[in-house]
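A closer look at the structure
Residue-level listing of the chains:
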Amino acid sequence: MKNMLVQVDGKLGAGVTPKDVVLAIIGEIGTAGGTGYAIEFGGEVFRNMSMEGRLTVCNMAIEAGARAGMVAVDDITLAYVKDKPFAPKDALWNRAVAEWRDLHSDADAQFDRVVRLDGAQIQPQVTWGTSPEMVLPVAGTVPDPALESDPVKKSSIARALEYMGLNAGQPITEIPVDKVFIGSCTNSRIEDIRSAAEVVKGRRKSPSVALAMVVPGSGEVKAQAEAEGLDAIFRAAGFEWREPGCSMCLAMNADRLEPGERCASTSNRNFEGRQGYGGRTHLVSPAMAAGAAIAGHFVDVRQLAERQ
Amino acid sequence: MQKINWRPVFVSGESRMAGLTLYDKLWRNHLVLERDDGSALIYIDRHIVHEVTSPQAFEGLRLAGRKPWRVDSIVATPDHNVPTTQQERASGVDGIADPISKIQVQTLDDNCDELGILEFKINDRRQGIVHVVGPETGACLPGMTIVCGDSHTSTNGALGALAFGIGTSEVEHVMATQCLVAKK
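Residues numbered from 1 in each chain as written. Chains lettered and ligands numbered in written order. Predicted model: local features only at pLDDT ≥ 70, side-chain atom pairs only at ≥ 80, totals over all residues. Heavy atoms only, no water.

**What about the overall build of chain B?**
Counting secondary structure elements, chain B contains six helices and eight strands. Each helix and strand of chain B, ordered N terminal to C terminal, gives the series α-β-β-β-α-β-α-α-β-α-β-β-α-β. Based on the C-alpha atoms only, the size of chain B along its principal axes is roughly 70 × 35 × 25 Å. Within the span of chain B, comprising 184 residues, buried residues form 59% of the whole. For chain B, restricting intrachain contacts to residue pairs at least 6 apart in sequence, the fraction spanning at least 24 positions comes to 64%. Carbon and sulfur atoms make up 53% of the accessible area of chain B, which totals about 7300 Å². (Helix = DSSP H or I, 4+ residues; strand = E, 2+ residues; numbered from the N terminus. Buried < 20%, exposed > 50% of the residue type's maximum accessible area, 1.4 Å probe, protein only. Contact = heavy atoms within 4.5 Å. Areas by Shrake-Rupley, 256 points an atom, 1.4 Å probe, with all protein chains shown as cover.)

**Digging into the packing of helix α2 (residues 55–63) of chain B against helix α4 (residues 99–115) of chain B**
Residue and element names in this part refer to chain B. Close contact between α2 and α4 brings their axes to 10 Å; oriented N to C, the two are set at 40°. Relative to α4, the crossing made by α2 is left-handed. Two secondary-structure elements touch here, α2 through P55, F58 and R62 and α4 through T107, L108, N111, E114 and L115. The residue inventory of the contact of α2 with α4, partitioned by class, reads four nonpolar, two polar and two charged. (Axes fitted to C-alpha atoms, helices over the stretch in contact; angles between N-to-C directions. Left-handed = near helix turned anticlockwise from the far one by under 90°. Nonpolar A, V, L, I, M, F, W, Y, C, P; charged D, E, K, R; others polar.)

**Some thoughts on the sheet that holds strand β6 (residues 145–148) of chain B**
Residues and elements named next belong to chain B. A sheet is described by the order of its strands in space; here five strands give the open sequence β5-β4-β3-β6-β7, paired in parallel fashion. Among the strands making up the open sheet, the edge pair consists of β5 (118–119) and β7 (162–165). Pairing of strand β3 (residues 46–49) with β6 involves three bridges; the strand directions are parallel. Bridge assignment links I48 to a residue of β6, and that residue is C148. Sheet strands touched by helix α6 (residues 168–177): β3, β4 (74–76) and β6. Its angle to β3, the strand with the most contacts, is close to 135°. (Pairing = 2+ DSSP bridges.)

**Some words on the interface of chain A and chain B**
Taken together, the 66 residues of chain A in the interface contact 60 residues of chain B. Both faces considered, chain A and chain B share a buried interface measuring about 5000 Å² in area, 58% of it formed by carbon and sulfur atoms. Linking chain A with chain B are three salt bridges, by the criterion used here. Among the salt bridges present, the one from E220 of chain A reaches R125 of chain B, with a minimum N-O distance of 3.0 Å. Counting across the interface, chain A meets chain B through 35 residue pairs in polar contact (both at pLDDT 80 or more). (Buried area = accessible area lost by both parts, 1.4 Å probe. Salt bridge = Lys/Arg side-chain N within 4 Å of Asp/Glu carboxyl O. Polar contact = N/O pair within 3.5 Å; in protein donor to acceptor, adjacent residues only side chain to side chain.)

**Here we look at the sheet that holds strand β9 (residues 240–241) of chain A**
Residues and elements named next belong to chain A. With parallel pairing, the five strands of this open sheet are ordered in space as β9-β8-β7-β10-β11. Edge positions in the sheet fall to β9 and β11 (280–283), since each has one partner strand and no second. For strand β10 (residues 262–265) and β11, the ladder comprises four bridges, and the chain directions are parallel. When the bridges of β11 are listed, R262 appears paired with R280. With respect to the sheet, helix α10 (residues 286–295) is in contact with β7 (179–182), β8 (211–214) and β10, its orientation differing from that of β7 by roughly 155°.

**Remarks on the packing of α2 of chain B against α6 of chain B**
Each packed pair of helices is defined by two parameters, the angle between the axes and the distance between the axes. Residues and elements named next belong to chain B. Orientation of α2 relative to α6, taken along the N-to-C sense of each, is 45°, at an axis distance of 8 Å. It follows that α2 is oblique to α6 by the angle criterion. The chirality of how α2 crosses α6 is right-handed. Along its contact with α2, which presents Q56, A57, F58, G60 and L61, the element α6 presents T168, V171, E172, M175 and A176. Of the residues belonging to the contact of α2 with α6, the class tally is six nonpolar, three polar and one charged. (Parallel < 35°, antiparallel > 145°, perpendicular 65-115°, else oblique.)

Encoded structure:
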């Protein structure tokens, strides 16, 4: 694998999450953009990002085509790892930290490719198509294949719109959702659950949404969320609070979409049939998924917050 | 962490090569052998296992009369096939309604029990999605090479680790040898 640096500097706006960052990166470089590379995520945005957020970003490195994604070790990494059940302790911890401090790219390291994004420009993202690179800011409108000159892109847009049951020029915020899935290895950690709960608190799921489910990523996450009373917030809002597992990310258990059903999902793949045969997946952040459950359609969570 | 045969950072005692990237360092720290054609063996520190991509690997080991090279490098948990409703989860594996899902989860339990592999079983508090469980238990740590028969293994790279998904035949190879055939 060759070396790629994805450098995102600047400050993220309020309501813009790690999921939005990685979706924006994939929108920029495409699902083949990282093919043959190991991607290092660097810059101010990742330096300031929590470990949960970094895990979300690296989770989707593969959706950018890269087999591996990584972030340099810093104080945030060490604070996260310290006191984990299998982390080294005492003298071994000190030895490990001394080794781990070197786990960053040298200042004069050469990357084969460098991609730079301005973090301040990143908006909450929603995928509209059947590939993670088919993504737009929430204020966007569904693309029109007639306006695309490249014949390959034109036909892939047309096919995606047909599968997704969308019209060219349709505003993202006018797309209604049938189901909402908050979970998966991308977005089922405690910060994800907290971020969704913050949007849901004191509100109700839209009656037009048949099912909104929250599936914590592990028993530990579930217990932590329950200790914080987050499960009660979801239940009071008409959401289902489930047991940990991959669940509706990939329809290998009973949690799946029916043909034609549309889902706001915090998972990582929106391929045809991924969440169930004929199912339609829109990838979003936990906050955006929660907002869609409340509104019944996609909504800019930043505006939802203002209305509170 | 294993440090074997890394490439020299200083060349002929004078001119220093360009600095290394994080990926270069992680690769260097785990390189066991590199051939002229660029194919290499890298040492694997942590092997995360779930129920979908492991049954044939375990069977392959069994047929070849092998045991895992380093049992304590492996951590397993079922995630893809576990039901998520409280009702279906209440009676553990026995309660899984879908027969294929039940077989997969039971098979993982059986294989881990037989070989003494640490597994967070269906209703263990530590059970969960492999890429959530690895970091939160500290099974996955900075500087490690981490593999799992699942494409989203890249998640663990957030720790400053080299982590990627592998296929089922590679799952068997890593279990048997603690190494992976790779190309930088």
